[in-house]
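# An overview of the molecular structure
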Amino acid sequence: MKSREEFNRVYGVLQADKAPIGEGCKALVAQDLAEKFSQYFDLIDLPEMTVREERGKIFVTVTFEAERVKKFNVLK
């Protein structure tokens, strides 16, 4: 049982090292995005972000829920 726990811990550390972005960084970016998106939407919660690396490129997907789009005018 102990060796399984150690394996899971080591595996988790290795997977985190392979991630293109750390959880702390993702949380910081989500807060920054929430500040910007809240200028245009009434957000229900913080945006969620998934980041994956594929063939040397990084793909980022951001999703969030909003109650409404805020009304705003575009200045010309």
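It should be noted that the structure appears before, not after, this text.
Residues numbered from 1 in each chain as written. Predicted model: local features only at pLDDT ≥ 70, side-chain atom pairs only at ≥ 80, totals over all residues. Heavy atoms only, no water.

### Let's talk about a nonpolar patch on the surface
On the surface, Y40, V69, F72 and V74 cluster together into a nonpolar patch covering about 410 Å² of accessible area. F72 sits in the partly exposed class, given a relative accessible area of 47%. (Patch = residues over 30% accessible without salt bridge, like charges linked within 9 Å, V, L, I, M, F, W, Y side chains within 5 Å. Areas by Shrake-Rupley, 256 points an atom, 1.4 Å probe, with all protein chains shown as cover. Salt bridge = Lys/Arg side-chain N within 4 Å of Asp/Glu carboxyl O. Buried < 20%, exposed > 50% of the residue type's maximum accessible area, 1.4 Å probe, protein only.)

### Some remarks on unusual backbone geometry
Backbone geometry places R55, a non-glycine residue, at a positive phi of 50°. Along the chain, R55 turns up in the loop between β2 (48-54) and β3 (57-63). On the basis of relative accessible area, R55 is assigned to the exposed category, the value being 75%. (Helix = DSSP H or I, 4+ residues; strand = E, 2+ residues; numbered from the N terminus.)

### Some details on the pairing of β3
Note: β2 against β3, seven bridges, orientation antiparallel. Counterpart to T50 in the pairing with β3 is T61. In this structure, the hairpin formed by β2 and β3 is closed by a connection of two residues, where R55 is found at a positive phi of approximately 50°. (Pairing = 2+ DSSP bridges.)

### Re the pattern of salt bridges
Tallied over the entire structure, the rule returns five salt bridges. As a salt-bridge pair, K70 and D42 come within 3.8 Å of each other at their nearest N and O atoms. One end of the pair, K70, is in the segment after β4 (66-69); the other, D42, is in strand β1 (residues 41-43), with 28 residues separating them in the sequence. Look at D42 and you get partly exposed, because its relative accessible area is 26%. With its nearest N and O atoms 3.0 Å apart, the salt bridge here joins E54 to R55. In the salt-bridge network here, residues are joined through shared partners; they are D42, R68 and K70.

Everything listed here is a matter of coordinates, which is why it stays silent on function.
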